Amino acid sequence: GAGVSQSPSNKVTEKGKDVELRCDPISGHTALYWYRQSLGQGLEFLIYFQGNSAPDKSGLPSDRFSAERTGGSVSTLTIQRTQQEDSAVYLCASSPSWGQGALGYTFGSGTRLTVV
Amino acid sequence: QKEVEQDPGPLSVPEGAIVSLNCTYSNSAFQYFMWYRQYSRKGPELLMYTYSSGNKEDGRFTAQVDKSSKYISLFIRDSQPSDSATYLCAMSGEGGGSNYKLTFGKGTLLTVNP
């Protein structure tokens, strides 16, 4: 596609339920990132995938959060037993493998998660 | 202290004004300095980036980096209503193989009034 696609765009869930957020990166981009943007906070790094390398999971806030990337393309971020503090916009980005990855980010529009 | 500090505003200016946005940071290892623009309910988009210290100009936008003071700025000349958005500073280049990771400020909400 022309850009990074995220679904759903909005998700309301009950506390304690599991949710799955999906990201479709730009075709050909080998690097994929997840960030979280909470109210009044800047974007916080969650996880990074690059090709077949082991992902950098250092930003995941707890073991309730996990992510996978299948076939080097689509990624799914899963939050188990959601809590109210998980309410945020979850942004996905992708970048080409060449050059400085941080300069080549293209972000999706995000999934707005509300835990009630 | 957060690694990157940015005044969240909000900032409201009349059309045509010069806007000054800035961030301070504490990690001297940062080498790449970026400004992103984020419209409501959209993802951030890269506006400008600077490597190390210095100035960079692109049309009505000028980015400045002063590494000695750990201070970066974005100036917008002849501001337009279409510039109304949240502006986020971001930094990377910590080394150790983590150059892909961005550290963001909280963002400044700018409104340009016609």
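Residues numbered from 1 in each chain as written. Chains lettered and ligands numbered in written order. Predicted model: local features only at pLDDT ≥ 70, side-chain atom pairs only at ≥ 80, totals over all residues. Heavy atoms only, no water.

**Q** I tried to follow the overall build of chain B on my own but got confused; where do I start?
**A** Assigned secondary structure in chain B consists of zero helices and 11 strands. Over its C-alpha atoms chain B spans a radius of gyration of 14 Å, differing by no more than 12% from the 13 Å that the globule rule assigns to 114 residues. Across its three principal axes, chain B shows a C-alpha extent of roughly 45 × 30 × 25 Å. Taking all 114 residues of chain B together, the buried fraction comes to 46%. Contacts in chain B between residues at least 24 apart in sequence constitute 56% of all its contacts with a sequence separation of at least 6. About 5,300 Å² of surface is accessible on chain B, with carbon and sulfur atoms providing 46% of the total. Positive and negative charge centroids in chain B, built from 11 and 11 side chains respectively, lie 6 Å apart. (Helix = DSSP H or I, 4+ residues; strand = E, 2+ residues; numbered from the N terminus. Rg over C-alpha atoms; globule rule 2.2 N^0.38 Å. Buried < 20%, exposed > 50% of the residue type's maximum accessible area, 1.4 Å probe, protein only. Contact = heavy atoms within 4.5 Å. Areas by Shrake-Rupley, 256 points an atom, 1.4 Å probe, with all protein chains shown as cover. Lys, Arg positive; Asp, Glu negative; His and termini not counted. Charge placed at Lys NZ, Arg CZ, Asp CG, Glu CD.)

**Q** Explain the interface of chain A and chain B here, please?
**A** Many analyses report the size of an interface as the accessible area lost when the parts associate. Counting residues at the interface gives 21 residues for chain A, matched by 20 residues for chain B. Carbon and sulfur atoms supply 55% of the area that chain A and chain B bury against each other, a total of about 1,800 Å² over both sides. Taken together, chain A and chain B are joined by one salt bridge. With a shortest N-O distance of 3.8 Å, Lys101 of chain B and Asp56 of chain A are connected by a salt bridge. Run the count over chain A and chain B and you get five residue pairs in polar contact (both at pLDDT 80 or more). Listed by contribution, the elements that provide at least two residues to the side of chain A that touches chain B are strand S4 (31-37) and strand S5 (43-50) of chain A. Its residues assigned to classes, the side of chain A that touches chain B comprises 10 nonpolar, nine polar and two charged. (Buried area = accessible area lost by both parts, 1.4 Å probe. Salt bridge = Lys/Arg side-chain N within 4 Å of Asp/Glu carboxyl O. Polar contact = N/O pair within 3.5 Å; in protein donor to acceptor, adjacent residues only side chain to side chain. Nonpolar A, V, L, I, M, F, W, Y, C, P; charged D, E, K, R; others polar.)

Everything listed here is a matter of coordinates, which is why it stays silent on function.
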